[in-house]
Amino acid sequence: MPRPSAGSHHNDKLHVKKGDTVVVLSGKHRGATGKVLLALPREAKVVVEGVNLVTKHVKPSATNPTGGIEQREGALHASKVAVVDPETGKATRIRKQIVDGKKVRVAVASGKVID
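Residues numbered from 1 in each chain as written. Predicted model: local features only at pLDDT ≥ 70, side-chain atom pairs only at ≥ 80, totals over all residues. Heavy atoms only, no water.

Visitor: Looking at this structure, how should I read the side chain of Asn52?
Guide: Inspection of the secondary structure assignment puts Asn52 in the loop between strand S3 (45-48) and strand S4 (53-58). Asn52 gets classed as buried once you look at its relative accessible area, which sits at 15%. Once residues within four sequence positions are removed from consideration, Asn52 is found in contact with His29, Arg72, Glu73, Gly74, Ala75 and Leu76. (Helix = DSSP H or I, 4+ residues; strand = E, 2+ residues; numbered from the N terminus. Buried < 20%, exposed > 50% of the residue type's maximum accessible area, 1.4 Å probe, protein only. Contact = heavy atoms within 4.5 Å.)

So, in structure tokens, the structure goes:
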């Protein structure tokens, strides 16, 4: 088996999933909350609704005949976001536990099951 390159991720798992409500922990968008629109485990990045808006120049196409300049959400590194605790509404870490024979994610702060 070939050795992975220096920049590759050995474990392509994230602590967040599409649809999770997260809070941004660091960077210029610190404190912002939003829903995860897209999770990119291979790059260890997530796209969060309304956070890290970037300007994109779009060429005209069949679906968008005028083209123009659009605002879109850019990807953030997954380590910059934390899941919002369903009980307190604050950022929390995630623990995985087996509940009723099923592996689920649990909020460390409150102990509530997230999925």
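Visitor: Quick question: what am I supposed to make of the side chain of Asp85 here?
Guide: Mapped onto the secondary structure, Asp85 falls in the loop between strand S7 (81-84) and strand S8 (91-92). Although Asp85 is buried, it forms no salt bridge, and the closest oppositely charged side chain is Lys112 at an N-O distance of 8.1 Å. Those residues in contact with Asp85, other than ones at most four positions away along the chain, are Lys90, Thr92, Ala107, Ala109 and Ser110. (Lys, Arg positive; Asp, Glu negative; His and termini not counted. Salt bridge = Lys/Arg side-chain N within 4 Å of Asp/Glu carboxyl O.)

Visitor: I tried to follow the pairing of strand S9 (residues 94-99) on my own but got confused; where do I start?
Guide: Both faces of the sheet carry side chains from a regular strand, because those side chains alternate between them. Where S9 meets strand S10 (residues 102-107), six bridges bridge the pair, whose relative direction is antiparallel. Across the sheet, the residue bridging to Lys96 is Arg105, located in S10. Joining the antiparallel neighbours S9 and S10 is a turn of two residues, in which Asp100 adopts a positive phi near 55°. (Pairing = 2+ DSSP bridges.)

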